[in-house]
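The chain contents come next:
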Amino acid sequence: MSLEERAKAAAKNIEGKAQEVAGNVTGDPEDKAEGKAKQAESEVRHGIEDVKDNIKKKID
């Protein structure tokens with residue numbers, strides 16, 4: 001497990017949520033969409049780290 005990669009993913013998720021909220025407040029659909037995309041990217045990164053953890057457990 002890469003704690004650094006998980007922290008980056010968490011930061012990306014927070015950034016995405018903030019951008020989505022800003023898009024909702026300002027009515028900017030582009031900001032809202034970009035925020036949602038960043039959140040999705042964060043979920044994928046977490047998933048990758050989960051797979052890495054599972055593989056490492058099976059190897060050990």
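Residues numbered from 1 in each chain as written. Predicted model: local features only at pLDDT ≥ 70, side-chain atom pairs only at ≥ 80, totals over all residues. Heavy atoms only, no water.

Asks: Help me out: how do you make sense of the UniProt feature "domain: CsbD-like" (unreviewed entry) in the protein chain in this one?
Replies: In the numbering used here, UniProt assigns the feature "domain: CsbD-like" (unreviewed entry) to residues 5-57. With 96% helix and 0% strand, residues 5-57 has its two end C-alpha atoms placed 18 Å apart. (UniProt positions renumbered as here; feature names shortened; annotations may be inferred. Helix = DSSP H or I, 4+ residues; strand = E, 2+ residues; numbered from the N terminus.)

Asks: For this particular structure, what's the right way to read the pattern of salt bridges?
Replies: Once their charged atoms are close, side chains differing in charge can pair, the charge on each being opposite to the other. With the rule as written, the count across this model stands at 8 salt bridges. In this structure, glutamate 20 and lysine 36 form a salt bridge, with 3.8 Å as the shortest nitrogen-oxygen distance. Taken together, the residues glutamate 20 in helix α1 (residues 3-26) and lysine 36 in helix α2 (residues 29-59) connect sequence positions 16 residues apart. In this structure, arginine 45 engages glutamate 41 in a salt bridge whose closest nitrogen and oxygen atoms are separated by 2.9 Å. Placement of both arginine 45 and glutamate 41 in helix α2 is noted, with a separation of 4 residues, approximately one turn of the helix. Several salt bridges converge on common partners, so that one network encompasses Glu4, Glu5 and Lys8. (Salt bridge = Lys/Arg side-chain N within 4 Å of Asp/Glu carboxyl O.)

Asks: Could you clarify how one ought to interpret the packing of α1 against α2 in this entry?
Replies: When two helices pack together, their arrangement is given by the angle between their axes and by how far apart the axes lie. Interhelical geometry of α1 versus α2 gives an angle of 160° and a closest axis separation of 7 Å. By the angle class used here, α1 and α2 are roughly antiparallel. Handedness of the α1/α2 crossing: left-handed. Looking at the contact of α1 with α2, its residues break down into 2 nonpolar, 9 polar and 17 charged. (Axes fitted to C-alpha atoms, helices over the stretch in contact; angles between N-to-C directions. Parallel < 35°, antiparallel > 145°, perpendicular 65-115°, else oblique. Left-handed = near helix turned anticlockwise from the far one by under 90°. Nonpolar A, V, L, I, M, F, W, Y, C, P; charged D, E, K, R; others polar.)

Asks: Looking at this structure, how should I read α2?
Replies: Helical periodicity: at 3.6 residues per turn, an α-helix aligns residues three or four positions apart in one direction. Over its 31 residues, α2 runs 45 Å from end to end, which matches the ideal 45 Å to within 8%, given 1.5 Å per residue. Within the span of α2, buried status applies to Gly35, Lys38, Gln39, Ser42, Glu49 and Asp53. Elements that come into contact with the buried residues of α2 comprise α1. Taking the backbone nitrogen of glutamate 30 as reference, a side-chain oxygen 3.0 Å away marks aspartate 28 as the first, capping residue of α2. (Expected span 1.5 Å × (residues − 1). Buried < 20%, exposed > 50% of the residue type's maximum accessible area, 1.4 Å probe, protein only. Contact = heavy atoms within 4.5 Å. Polar contact = N/O pair within 3.5 Å; in protein donor to acceptor, adjacent residues only side chain to side chain.)

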